[in-house]
Amino acid sequence: MCGQMAGSVRVLHVDDEPDFADLTAAYLERATGSFSVDTATRADDIVADRPQDTYDCIVSDYEMPGLNGLEFLEQIREDAPGFPFILYTGKGSEEIAAEAISAGVTDYIQKEPGTSQYTILANRVQNAVEARRDELQVLRGQRAMNAAWDGIGTLDREGRFTYLNGAYAETFGYEPDDLLGEDWRTIHSTESLETVEGEILPAVEENGTWTGETLLERADGTQFVGEHTVASIENDGAVCVGRDR
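Predicted model, so just to flag it, every value in this text is computed and none were measured.

With respect to the overall build of the protein chain
- Counting secondary structure elements, the protein chain contains 7 helices and 10 strands.
- When burial is assessed residue by residue, the protein chain has 41% of its 245 residues classed as buried.
- Excluding contacts between residues fewer than 6 apart, the proportion of contacts in the protein chain whose partners are at least 24 apart in sequence is 53%.
- Element-wise, carbon and sulfur atoms account for 46% of the exposed surface of the protein chain, whose accessible area totals about 13100 Å².

In structure tokens form, the structure reads like this:
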């Protein structure tokens, strides 16, 4: 491998034509100041080094000595299912494209004459990396919420539950799946609805958040006074944090 590891997006380009690999690396690094591109000529020489742990995206040729591009993809996908992997190949056919899509390739680009292809490739790499980073951020947030001692739930703009951690569902005597898609009124007593609609929702609308005590209701119909915080999520509903007082 060759290249420098500087920049915010680390790319590995694997192609058995080293001159083409170096040229592509140069164009990618020139296209955006955030790319750092290393090159390799054989996938089977590097797959044991777990490049998915070092790089943000792999760009690979299809037809190479040893592992071909799809076999390389399968190796990476074994423990990194969502890792950005772009097949960038001169061996173009509908059969290969279909096989690549079935194998879960992030993107499929056929090599073309001229330099405009490098701009396209750079954009595809950037989009793939950003999408993966967004996905990982969401996953980390969900894991943190799942591990939280406090009950945490999220609502969509229509007031339906889109997420609940175990603590939140348990507080109300439900399994998380039982409340997904249900309206927030499911966990409030009839007596508390006037307070919620007349006090809590207007406060959230005006200030972005509300904290206090409300009369809540468990799945078995028993009621309890719980501590509740409701905060709006910009253009996307609300998050609720609650516990049995």
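Quick look at the packing of aromatic side chains
- Scanning all chains against the criterion turns up 6 aromatic pairs.
- One aromatic cluster in this structure is built from F161, Y168, F172 and F224.
- Between the NZ or CZ atom of R30 and the centre of the ring of Y27, over which it lies, the distance is 5.1 Å.
- Sitting over the face of the ring of Y88, K111 holds its NZ or CZ atom 5.9 Å from the ring centroid.

A short note on helix α2 (residues 69-77)
- All of the buried residues in α2 are G69, L70, F72, L73, I76 and R77. When α2 is viewed along its axis, its buried side chains cluster within an angular range of 155° and face the same direction.
- Between the side-chain oxygen of the N-cap and the backbone nitrogen of L70 there are 3.0 Å, and the N-cap of α2 in question is N68.

Notes on the sheet that holds strand β8 (residues 209-217)
- Strand order in the open sheet formed by 5 strands is β7-β6-β10-β9-β8, and the pairing between neighbours is antiparallel. The open sheet has two edge strands with one neighbour each: β7 (161-164) and β8. Strand-to-strand, the axes of this sheet are offset by a mean angle of 25°, without reference to chain direction.
- When strand β9 (residues 223-232) meets strand β10 (residues 238-244), the two strands line up antiparallel, connected through 7 bridges. Looking at the pairing, G226 lines up with D244 of β10.
- The sheet strands contacting helix α7 (residues 190-207) are β8 and β9, and the helix crosses β8 at an angle near 165°.

Things to note about the environment of A231
- Mapped onto the elements, A231 comes out in strand β9.
- A231 sits 30 residues away from L201 along the chain, and the two C-alpha atoms are 9.8 Å apart.
- For A231, the contacting residues outside a window of four places in its chain are G208, T209, A238 and V239.

Here we look at the pairing of strand β2 (residues 35-40)
- The buried fraction of β2 amounts to 6 of the 6 residues, a majority that puts the element mostly inside the structure.
- By the alternation rule, side chains of β2 split into F35, V37 and T39 and S36, D38 and A40, which are all buried.
- Two elements, strand β1 (residues 9-14) and β2, share 6 bridges in a ladder whose sense is parallel. If you follow R10 over to β2, its bridge partner there is S36.
- Following the backbone out of β1, through helix α1 (residues 18-31) and into the adjacent parallel β2, one traces a crossover that is right-handed.

Here we look at the environment of R50
- Following the sequence through the fold, R50 ends up in the loop between β2 and β3 (57-60).
- Here the alpha-carbon distance between R50 and I76, two residues 26 residues apart in the chain, equals 7.7 Å.

Considering the pairing of strand β4 (residues 85-89)
- The element β4 is largely enclosed, with a buried count of 5 among its 5 residues.
- Pairing of β3 with β4 involves 3 bridges; the strand directions are parallel. Along β4, the bridge assignment pairs I58 with F85.
- On the question of chirality, the crossover connecting β3 to the parallel β4 by way of α2 is right-handed.
- Pairing analysis gives 4 bridges linking β4 to strand β5 (residues 107-110), with the strands arranged parallel. If you follow T89 over to β5, its bridge partner there is Q110.

Cut-offs applied
Residues numbered from 1 in each chain as written. Predicted model: local features only at pLDDT ≥ 70, side-chain atom pairs only at ≥ 80, totals over all residues. Heavy atoms only, no water. Helix = DSSP H or I, 4+ residues; strand = E, 2+ residues; numbered from the N terminus. Buried < 20%, exposed > 50% of the residue type's maximum accessible area, 1.4 Å probe, protein only. Contact = heavy atoms within 4.5 Å. Areas by Shrake-Rupley, 256 points an atom, 1.4 Å probe, with all protein chains shown as cover. Phe/Tyr/Trp six-rings, centres within 6.5 Å; stacked < 30°, edge-to-face > 60°. Lys NZ or Arg CZ within 6 Å of the ring centre and 35° of its normal. Arc of directions from axis to C-beta. Polar contact = N/O pair within 3.5 Å; in protein donor to acceptor, adjacent residues only side chain to side chain. Pairing = 2+ DSSP bridges. Axes fitted to C-alpha atoms, helices over the stretch in contact; angles between N-to-C directions. Right-handed = clockwise from strand over helix to strand, strands pointing away.

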